[in-house]
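The residues making up each chain are set out below.
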Amino acid sequence: MTTSKSYPFYVKSTVILFGLVLLTCIFFYLSDILIPLAFALMLAILLNPMSVRLEKWKIPRVLSIAISLLAAFIILGAIGYFLFSQLSNFTDELPVFQKKVHELLGQVKEWLNSRLGMDVKKQNEFVNDFQTSARPLVGRTVGTVLGMFAMIFLIPVYTFLFMFYKTLLLNFFYESFDDYHSKEVGVVLHQMKGAVQSFMLGLLLEALVVAILNSIALLLLGVKYAILLGVLGALLNVLPYIGGIIAISLPVLIATVTKDGFNTQLGIIAAYLVIQFIDNNFLVPYLVSSKVKINALVSIVVVLLGGALWGIPGMFLSILFIGVLKIVFDRVPELTSWGKLLGDEVPTENRFVRKKSVVANR
């Protein structure tokens, strides 16, 4: 008769911590391989319903997958072409923007010198130090962008293979457990797939609506490159809190450079606050499933960790990753407490206090 050995808490916690550190190192050093795999997996889950429907219409599996991929990349290519065409127009006027920025910086330096007594020489030293410290960040950002171009060639291949070998991968999960638990695994995988698809489609619809609202607001305010800034703001809106701040800062900066006074900037801030209110109170609850809403603390920490680990792709993937984790946690009885920890529902009762009162009464 065998007996299971119980280890002390500090041994278990040390093993868990070591495993997390090892997993983080693997994610970091294998980022060039794992990032396109992660994007491909998300895209495969999103395109799976379309491929299945085409197969029901007697279209061969390979062809149905190819058609699904082609439709997705036509849409992404159209969005990318629009953004790059707008950016090319922006770069044509870059010398004018640079001249205006230098004029504004000169006015700011004079104001700081006259009002706060900050010497212009010290201000220049501060700006030079900031530029020196920012160069590695710019280099990493450029490297990330170039890496994303390289991923464009890998993601379609990985996505096709994920969709083609879908049955093989699912059977692996089923056969890894006994008959009783394989049924539970099947239910969890089925529910997770549906929830992930609705979650991702909700994010896409939310981004589309926010892009339209942003663009209309900026056009009415007469901001240059209104549609470009509106679309970029919608894409950045996927990153909670941090993305919203950057999304507001970009049109405010453009308005400051291209317009006199501050009325336009105040109008942009007011319009974006109204759009954020509509997004948080109407779009997110109805378009993005409320079952995968993540609380503010976890969202910010996860985005920062994703950025530190995988850069810009990590910031985007972190939200989807933590959403998938919450879906799994909510559907596995042993992990429901972790799902509650990630969620945004604040309990009204302190169970620890209640337990203490029960023990005292005894």
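Fair warning: this is a prediction, and the values are worked out from it, not measured in the lab.

Draft legend 1. Main features of unusual backbone geometry. Of note in this structure, Lys58 is not a glycine but carries a positive phi near 70°. When you line up the elements, Lys58 lands in the loop between α2 (31-56) and α3 (61-92). Phi angles above zero are rare outside glycine, and Tyr225 is one such case at about 55°. Mapped onto the elements of the fold, Tyr225 is located in the loop between α7 (179-220) and α8 (226-236).

Draft legend 2. Here's a closer look at the confidence of the model for the protein. Per-residue confidence for the protein gives a mean pLDDT of 77; residues scoring 70 or more make up 74%. Of all secondary-structure elements in the protein, the lowest mean pLDDT belongs to helix α13 (residues 351-361), at 57, while α2 reaches the highest, 89.

Draft legend 3. Representation of the packing of α2 against helix α11 (residues 296-331) within the structure. Where α2 meets α11, the closest approach of the two axes is 11 Å, and the angle between their N-to-C directions is 45°. By the angle class used here, α2 and α11 are oblique. For α2 against α11, the interelement crossing comes out left-handed. Judged by residue contacts, Ser31, Leu34, Ile35, Ala38, Phe39 and Met42 of α2 engage Trp310, Pro313, Leu317, Leu320 and Val324 from α11. When grouped by side-chain class, the residues that make up the contact of α2 with α11 number 10 nonpolar, one polar and no charged.

The rules behind these values
Residues numbered from 1 in each chain as written. Predicted model: local features only at pLDDT ≥ 70, side-chain atom pairs only at ≥ 80, totals over all residues. Heavy atoms only, no water. Helix = DSSP H or I, 4+ residues; strand = E, 2+ residues; numbered from the N terminus. pLDDT = per-residue confidence, 0-100. Axes fitted to C-alpha atoms, helices over the stretch in contact; angles between N-to-C directions. Parallel < 35°, antiparallel > 145°, perpendicular 65-115°, else oblique. Left-handed = near helix turned anticlockwise from the far one by under 90°. Contact = heavy atoms within 4.5 Å. Nonpolar A, V, L, I, M, F, W, Y, C, P; charged D, E, K, R; others polar.

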